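# Structural features, examined
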Number of protein chains: 2
Amino acid sequence: MKKLLSLVLLLSFSILMADEGMYPISEIHRLNLKAKGLKIDSKQLYNPNGTSLIDAIVNIGGCSGAFVTAQGLILTNHHCAFGAVQAASTKENDYVTDGFLARTRADEIPARGLTVRITESYRDVSKEVLSVLTDKMDLAERTKAIERKMKEIVAETEKKHPGKRAEVSEMFAGASYVLFVYTFLRDVRLVYVPPRSIGEFGGENDNWVWPRHTGDFAFLRAYAAPDGSPAEYSPTNVPYKPKTFLKVNPQGVDEGDFVFILGYPGRTFRHQTSHFLAYEENYRMPYIANLYEWQISVMQQFGEKDREVALKHDARIKSLANVMKNFRGKLQGLQRLQLVAKKQEEEKALQQFILSDPNRKATYGTVLEEIGKVYAEMTDRVESEMILGNLLQSSVALNAAYTVWEAAIERKKPDLERQEKYMDRNFAMTKENVRAALLNYYEPTDKTFLSELLLQAAKLPENQRIPAVDALLSSSDAERDIDRFIERVFARTRCTDPNETMQLFDKSLEESEKINDALVEFAKALVPTFQRLRETQQRRAGALNRLSALLTDVKRQYLKTDFVPDANRTLRLTYGYIRGYSPADATYYSPITTLKGVIEKTTGEEPYNTPQKIIDLYRQKDFGKFKHPKLNDVPVALLYNLDTTGGNSGSPLINANGELVGVNFDRAFEATINDFAWSESYSRSIAVDIRYVLWVTQKFAGAQWLLDEMGAK
Amino acid sequence: MKKLLSLVLLLSFSILMADEGMYPISEIHRLNLKAKGLKIDSKQLYNPNGTSLIDAIVNIGGCSGAFVTAQGLILTNHHCAFGAVQAASTKENDYVTDGFLARTRADEIPARGLTVRITESYRDVSKEVLSVLTDKMDLAERTKAIERKMKEIVAETEKKHPGKRAEVSEMFAGASYVLFVYTFLRDVRLVYVPPRSIGEFGGENDNWVWPRHTGDFAFLRAYAAPDGSPAEYSPTNVPYKPKTFLKVNPQGVDEGDFVFILGYPGRTFRHQTSHFLAYEENYRMPYIANLYEWQISVMQQFGEKDREVALKHDARIKSLANVMKNFRGKLQGLQRLQLVAKKQEEEKALQQFILSDPNRKATYGTVLEEIGKVYAEMTDRVESEMILGNLLQSSVALNAAYTVWEAAIERKKPDLERQEKYMDRNFAMTKENVRAALLNYYEPTDKTFLSELLLQAAKLPENQRIPAVDALLSSSDAERDIDRFIERVFARTRCTDPNETMQLFDKSLEESEKINDALVEFAKALVPTFQRLRETQQRRAGALNRLSALLTDVKRQYLKTDFVPDANRTLRLTYGYIRGYSPADATYYSPITTLKGVIEKTTGEEPYNTPQKIIDLYRQKDFGKFKHPKLNDVPVALLYNLDTTGGNSGSPLINANGELVGVNFDRAFEATINDFAWSESYSRSIAVDIRYVLWVTQKFAGAQWLLDEMGAK
C-alpha cells in the first residue's frame, strides 16, 4: 500500500467515550496502539511505503473480507456471499439450503455480482474539489459543481491507472475530500459456503441479537488473468496473488483480549444535527420499517404456497428484514436514550457559545437555524418524498422500465454529466443489477407492491400530488383505477423479462422514444417528478454541504477535542477488547458463545434446524483442536466493544499479533443505534469465531485441504 | 398450631439435587435448617405445641399469603386478589386499572370469592383410609371406597369442630393420607391494591419471565365476628386477630442470603412415570395450550371493539394465558431436557432391579407395564376425552345448565354419596362460581367456543362419538347443523342469566325435570357420556392408586434415599438462597431487579405503562428508606432457588430471622418444568421485594398508615 500524500482527517468533536472511532488508515500511526495492547509494530499493520496487513483487506460487494492465503482465498461472511449463492442455485442444486463445497479449484464456480476492491493509495483532494465553488453559485449548482469535480478527478485517475477504480470520498461534508485508488478484481468464485442452517442459523430471529450462534462465514477466491492482472471471468484465469494475506490463528482469542478490525464501514451519522435525527425518528425510519414489514409479509405469503416463489424472494426478504430490524432497534434506542433531546441540549449549548462572541455570531449565528429550515422543508413534503423514494425499488418491473428510459436520456449526455449509474464505468453493473432483479421477478408481488405505493400516492395532499399518478385516476374509486391500470400496463410491457429488458438497454434515445411499452410510458410520465425531486435534493445538499462545513468548524472551536469522520465506505480501523455487557436490568451477556448454545437453540425447524452431523459431532465431543480451554467447548461467536457498522460485515477480527481470529458479521440489538451514537455500555459487535469456522470446515464439511492451504495446524 | 400425631411422610427416592423439596411441616424438625442458614430456633418456625410462624400463613383462594399485623392484615399477590378487584370494579370505579386504597377501615370493601384457611392441625389417617379396601373390589369400587372414606373422616371432623374446614389429603398415592383441620374465614376485604400498571406490570409478556419488574402485591384484611369467631361478611364484623403475624423487614435481603417460604403449593408430578409425562407432552398440554391460545385470541378480538366486553374477559384471559404460557414452557423444557427419555431409562434400570430377585419380580414385575396400559387406554380415547374435559368450561352457559341439572340429581343423594361440589359444605361455593362466571357472560364468546368444541366432537372417530352431539347433526354439513343448534338453544335458555340460574338451583329433581330450557335439555343428553367418563376415570384412578403404591414401595427399596411427597395443596416449607442463574449460553441473570429496570421497560403503553408518579419519583431518586445499598436503587423483584409451584403465589419470602422480605409470585420460564423435575441450574422462583411493596405503598399510594400498622420504620 503506497501512501501518496499525508493528510490530517482528525477534527475535534466528541462527547463520547474512549474507544469510539472508525479511524481512517491515515490516522493509525497517531493511535499508540501498543499502549492499547497491539503486540506487532504499527508499521506491520499499516506501512504506506511497503507491504502491511492493510493490503490483505478487501471490499467485496457491500462487505469486507480478507485474503487468508497466497492463493487469493478470501474469508468473508455467509450473508455477503448469499446473493451469489442464490444466483448459482437451482431447484436441483440448492446451494442455499445445502451449502456449496468445491472439491478442486476447477469446481470453484463464479460468484455472480461480486467484485473485489483493494485500497491501493489515497490522496487529499479537498482543495481541488472545493476550488470549483464560487460565491455566485446557487445551492443546487454548488452540489452539481462538487459532484462534477469529483467525477473529473476520478476520470483522470482511472485514465492514468488503467484497470484500477478510483473514488473521491467526502470525509467531512463541505470540508474534506479524499481520492482513493483501488485494485479491482472481477473474477470471484465460490469455494466453501456452509448450508444455510449453519451460515444463517437463527435467521431473522437472531439477526441483530446476542448471544449469537451463527456460522456466518464463506470462503471465496479471487482470480486474475494468467499474467496476474485483473480480468473478467475466464476459465483460463488463475488464482489472484495478493500482496499479502492474514494468517489465521486456530487458537483464537479469549475474554478481555485486545482485537482490532480493518474494513469498509458504510455510513454513520454521528455528526448530524438533532433535525436529522428527528426526521429519521419521526418520519423516514418508521415509514420504511412499516413498508418493509408489510412487503416481507406479502412475499412470505406468496412463498408459502410455492417453494420456487419462496426462493425468488429469499435474498430480498433477507435484505428488507435486516433493514427493518435495524430501524426498529434504532427507533427503540432513539427513544430509550432520548437522543433527539440530548442533541438539542448540545446544540443549545453550542448556540450559546456562538452567540457569546460577535465575530462567531456573524459567521455561525444562523447555521443551526438554517439546517433546521432544510429539515422543515423535508418534513413538509415527507409524504410524497417517502413514496417517491420507495416507488421504484418496490416494483422490479417499474424500476427496469424507468432505468431503461432514464438510461436512454442520460447516455446521450457526455459521460461526466451523467448520473453516476449511467457513466460508462458503472453502466454494466447498473444493467446487471436490473437483470438480476428481473431473474427473481414474481408478478403478483410486483403488482401488489406497486398497487400499494400508487394507492398511497392517490391519497397525497393537494400540494404534493404526483401528476403521473393523477393521470391514471379517472374515477372516484382510486383503488379500482389503480387495479385496472396495473392490469393494463403489466399486460403490455417487456420490462418483466430480463433478456428483453437487456435488449431495450441497447437502444438509442430516438429508438427508445418509439418503444411501445406501457410501463416505459408510465416511467416517462414519472421522469419530470423525479427530476424535480432530484433538483430539490441537490439544492438541499448544497445548503447542508455549506452549513455542515461551518458547523464542523465552530464545533471544533467549541469542543477542542479530536474527532473522526463518519463512516463513508472507505477503509477504517477500529480497536478494542473482547467484552460482554449488560443489555438490561439484572442481565449480563458474556462475550463468547459455544456449540452447546447451538444445540440448546436447535428445534429441528427453521431457523434453528442444525444439521444432524453437527449434533452428532457435539454429542461425541469431537472438537478437534478447536476447544476453548476454559469453556471446554468450541467457541462459536465473539462479542467486543469495537466500533462497526454495515459494510464491516466480513471484516477480519484480528488479534494483537495481527492474526485473524474471527469474522465480523453483526452487532447486538442495542448497538443498532451505533450509527447515531456510540457507547461503551451498549455498543457491541459480533464475529464468528475462527475456531468455529475451522471446525465446521474440517469436521462438518471435511475440507481439510482448505485448512492446509491456510496453514491452520 | 397443635400437632395431633406425629407422622413420617418422607420416603426415599430422589435422583435430583440438594435443595429440591416442598417439605411437609411435619418434616421441618428433621431438616437442620440452622446449618443451612436459619438464625432462629426451628421451634419458632414450627411449634406443634405452641405458636410459631406457621400460624401466620394463610391459604387464600388458590394462593398463599401471610398475616403481617395483629389486625388481620394479609399480604399476598395482586394476581391473587385480581378476581375480587375485578368483581368490585365498575365502569365508574375501575379498581383494576386505577388500583384500590381504603383510607379507613370502614372503606375496606368485600373481596368477593376470597376465603382464608389457616392450618390448625393434622393427623395421619392412612390406616383408616386404606382399611376400607378389600381384595374383592374392582378398580372403580376401590376409588369410590377411598373417596367415601375420606369424606366420612372430613364429615366427622367438621362435626366435632364446628366452623372449621377439614380435608383429607393424599400424600403418596395409595399409600399415605393426612387429615388437615383448617380455621376458615369468610369475610375478607380489600385494603390496598396497586393499579394494574404496577401490580401487573409487564402483563402476559413478562409472565413466567425473569428479569421481572412487577409489583405483584395486594393488602387484604380478614374479618371475624365481634367475638373473634369466623363469620360471613357483616358490617359489624371486626378485624380478625391471628395467633401471630410475620414482621416485615424493610431492610430486605441481598444476593446469597438464606431464605425460606411457607405456603400452599398446588400440584407437582415428580413421582409420575414416563407414561404420564409422554401423555402430557404429546396430548394433553399441546391440546390445551392450542385451545387456550385460540380462545384468548377470540376474546381479545371481541374486547377490542368494546371496553366493557374486554373487562368481562379480563380475568379469564389472564388465567388461560397463564396456563398456556406455563404449558409452553413445560413443553419446551420436556423437549430440551428429554425428560421422557430420561424417565424411561430410569424405569428400565428399576425394572432390571425388580427382575433381579424372584420375590420382587412376583410382587412388582408388572407394575410399570400395567401403568403403561392405563395410559395406552387414555391415549386411545384422547380425542374425545380432551373435548369432554374442556367442553363445560368453554361455555359458561352450558356449564351453568349442566351444573343445574347435575345438582338436581346429586342433591337427591345422601350428602356423602354426592360428588364433592354438590355436598352441603361446598354447594354454596359451587353456585357462587356459576353465578360469578355468568356475571361476565358474553354471548358471542360463549357461542363461538361451544361451536368450536361441538365441531371438534362432530369429527371424532366412530368409536369415540358423543351421542348428544350426534343427535344434533341432521345433515352432511356439521358446521351448519351446529350453528343452527346453537342459535336455537341460546334463544331458549335461562342459563345465561345469573339470577334466573340461581332460581333454577333451588328446584327439586322433579321440578327440574319439568324445566323447559333448551340448554338444560342438551345438558341432560350429555349426562350419560360424562357419567361413563367419570366411571372410566374412577377405574383408572383405582388402578393407578394400587400401582403407584407398589411403585413407591419398590423405588424406596431400589434408591435408598429419602424423598418428599408431591405438592398437594397442603402447607409446605421450601428453603434456599437468593441466587441468579444462566438461562442460556453466554447469558447470566442476577437475582435482584431495580426500579431502573421498570423505567427501562416502560413504553407508555400497556403492559409497560408505568404511572407518571413512579417515573417522577425515580427521576427525583426519592427512594426513601428502601434503597439497596450496593445497587443504589429500590429493589423490585428477587430471584431464588427455592422449590415452588402454583399455589405458592402470595407466599411470604422469609429471611433467616423469620421476617418477611418478599412476596413470592412466579417462576422463571425455564422453571415451569419444575412441576416435573427440579434442578439447581434452572429452578428459580420470583418474589416482589418487600422494599418495593413498602416504597409503592408509602411513596406512590401515600398510605403511610399501613406502614405504621406493620411497624415498618
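Residues numbered from 1 in each chain as written. Chains lettered and ligands numbered in written order. Predicted model: local features only at pLDDT ≥ 70, side-chain atom pairs only at ≥ 80, totals over all residues. Heavy atoms only, no water.

Attention now moves to the overall build of chain A. Summing up its helical and strand segments, chain A has 26 helices and 21 strands in all. For 713 residues, the compact-globule formula gives about 27 Å, and the C-alpha radius of gyration of chain A, at 26 Å, lands near that figure. Counting only C-alpha atoms and orienting by the principal axes, one finds that chain A spans roughly 70 × 70 × 60 Å. Per-residue burial for chain A yields a buried fraction of 59% across its 713 residues. For chain A, long-range pairs separated by at least 24 residues make up 78% of all intrachain contacts whose partners lie at least 6 apart in sequence. Summing over all exposed atoms, chain A offers an accessible surface of approximately 28,800 Å²; the carbon and sulfur share of this is 49%. Chain A carries 94 positive and 94 negative side-chain charges, and their two centres are separated by 4 Å. (Helix = DSSP H or I, 4+ residues; strand = E, 2+ residues; numbered from the N terminus. Rg over C-alpha atoms; globule rule 2.2 N^0.38 Å. Buried < 20%, exposed > 50% of the residue type's maximum accessible area, 1.4 Å probe, protein only. Contact = heavy atoms within 4.5 Å. Areas by Shrake-Rupley, 256 points an atom, 1.4 Å probe, with all protein chains shown as cover. Lys, Arg positive; Asp, Glu negative; His and termini not counted. Charge placed at Lys NZ, Arg CZ, Asp CG, Glu CD.)

With that settled, the discussion passes to the pairing of strand E18 (residues 635-640) of chain B. Residues and elements named next belong to chain B. Of all six residues making up E18, six are buried, and the element is well covered by its neighbours. Relative to strand E21 (residues 685-689), E18 is paired through four bridges, and the arrangement is antiparallel. When the sheet's bridge partners are listed, Leu 638 is paired in E21 with Ala 687. (Pairing = 2+ DSSP bridges.)

Turning next to the side chain of Thr570(B). Residues and elements named next belong to chain B. Relative to the elements of secondary structure, Thr 570 occurs in the loop between helix H22 (518-559) and strand E14 (572-577). Taking the relative accessible area as the measure of exposure, Thr 570 reaches 0% and is therefore buried. Polar side-chain contacts of Thr 570 include one of 2.6 Å to the side chain of Asn 568. In this structure the side chain of Thr 570 is engaged in a polar contact, spanning 3.3 Å, whose partner is the side chain of Arg 572. Apart from the residues lying within four places of it in its own chain, the contact partners of Thr 570 are Ser 169, Met 171, Phe 180, Tyr 182, Gly 263, Tyr 264 and Pro 265. (Polar contact = N/O pair within 3.5 Å; in protein donor to acceptor, adjacent residues only side chain to side chain.)

Residue and element names in this part refer to chain A. Here we have eight strands laid out as an open sheet, ordered E1-E14-E13-E19-E20-E21-E18-E17, and antiparallel in their pairing. Strands with a single pairing partner mark the edges of an open sheet, and in this sheet they are strand E1 (23-24) and strand E17 (592-594). Pairing between E17 and strand E18 (residues 635-640): two bridges, direction antiparallel. Paired with Ile 592 across the strands is Leu 638, a residue of E18. Running over the sheet, helix H25 (residues 690-700) touches E18, strand E20 (660-667) and strand E21 (685-689) and is turned about 35 degrees from E21. (Axes fitted to C-alpha atoms, helices over the stretch in contact; angles between N-to-C directions.)

Here we take up the domain arrangement of chain A. Residue and element names in this part refer to chain A. Assigned domains of chain A: these are domain 1 (56-247) and domain 2 (290-555). One C-alpha centre belongs to domain 1, the other to domain 2, and the line joining them spans 24 Å. On the domain 1 side of the interface with domain 2, the three residues burying the most area are Gln 86, Lys 151 and Trp 208, jointly 21% of the side's total. Applying the counting criterion to the domain 1 and domain 2 interface returns seven salt bridges. Here Arg 196 makes a salt bridge to Asp 314, at a shortest N to O gap of 2.4 Å. Between domain 1 and domain 2 we count 22 residue pairs in polar contact (both at pLDDT 80 or more) in total. Broken down by secondary-structure element, the contributors of at least two residues to the side of domain 1 that touches domain 2 are helix H3 (78-88), helix H4 (95-98), helix H6 (139-160), strand E8 (165-172) and helix H8 (203-206). Top element by residues in the side of domain 1 that touches domain 2 is H6. It accounts for 13 residues. (Domains from an automatic or database assignment. Buried area = accessible area lost by both parts, 1.4 Å probe. Salt bridge = Lys/Arg side-chain N within 4 Å of Asp/Glu carboxyl O.)

Here the focus is the relation of the copies chain A and chain B. If you rotate chain A by 180 degrees and push it 0.0 Å along the axis, it lands on chain B with an RMSD of 0.0 Å. In symmetry terms, the pair is related by a two-fold rotation axis. Taking C-alpha positions as the reference, the residue of chain A nearest the rotation axis is Tyr588(A), at 2.6 Å. Residue by residue, 100% of the interface of chain A is reproduced at the interface of chain B, so both copies engage with the same surface. (Least-squares fit on C-alpha atoms with pLDDT ≥ 70 in both.)

Turning to the sheet that holds strand E13 (residues 258-263) of chain B, a few remarks are in order. Residue and element names in this part refer to chain B. Taking strand neighbours across the sheet as the criterion, the eight strands line up as E1-E14-E13-E19-E20-E21-E18-E17 in an open arrangement whose pairing is antiparallel. Lying at the two open borders of the sheet, with one neighbouring strand each, are strand E1 (23-24) and strand E17 (592-594). Each of E18, strand E20 (660-667) and E21 is contacted by helix H25 (residues 690-700), which is oriented at about 35 degrees to E21, the strand it contacts most.

Once that is clear, we can look at the packing of helix H17 (residues 443-458) of chain A against helix H19 (residues 478-491) of chain A. All names here are of chain A. At their nearest, the axes of H17 and H19 sit 10 Å apart, and the two run at 140 degrees to each other. Between H17 and H19, the crossing angle belongs to the class labelled oblique. Where H17 crosses over H19, the two elements pack in a sense that is right-handed. Listed contacts from H19 to Glu 443, Asp 446, Lys 447, Leu 450, Ser 451, Leu 454, Leu 455 and Ala 458 of H17 are Ala 478, Glu 479, Ile 482, Asp 483, Phe 485, Ile 486, Glu 487 and Phe 490. (Parallel < 35°, antiparallel > 145°, perpendicular 65-115°, else oblique. Left-handed = near helix turned anticlockwise from the far one by under 90°.)

All names here are of chain A. Residue position: Leu 133 is located in the loop between helix H5 (126-130) and H6. Considering only alpha carbons, one finds Leu 133 and Phe 302, 169 residues apart in sequence, at a separation of 52 Å. Beyond its immediate stretch of four places on either side in the chain, Leu 133 contacts Arg 142 and Ile 146.

If you walk through the whole model with that rule in mind, you get 101 salt bridges over all chains. Here Glu128(A) makes a salt bridge to Arg123(A), at a shortest N to O gap of 2.9 Å. A relative accessible area of 28% places Glu128(A) in the partly exposed class. Since its relative accessible area comes to 23%, Arg123(A) is described here as partly exposed. Here Arg546(B) makes a salt bridge to Glu370(B), at a shortest N to O gap of 2.9 Å. Here Glu370(B) lies in helix H13 (residues 367-380) and Arg546(B) lies in helix H22, a separation of 176 residues in the sequence. Residues joined by salt bridges that share partners form a network here, namely Arg105(A), Glu108(A), Arg221(A) and Glu709(A).

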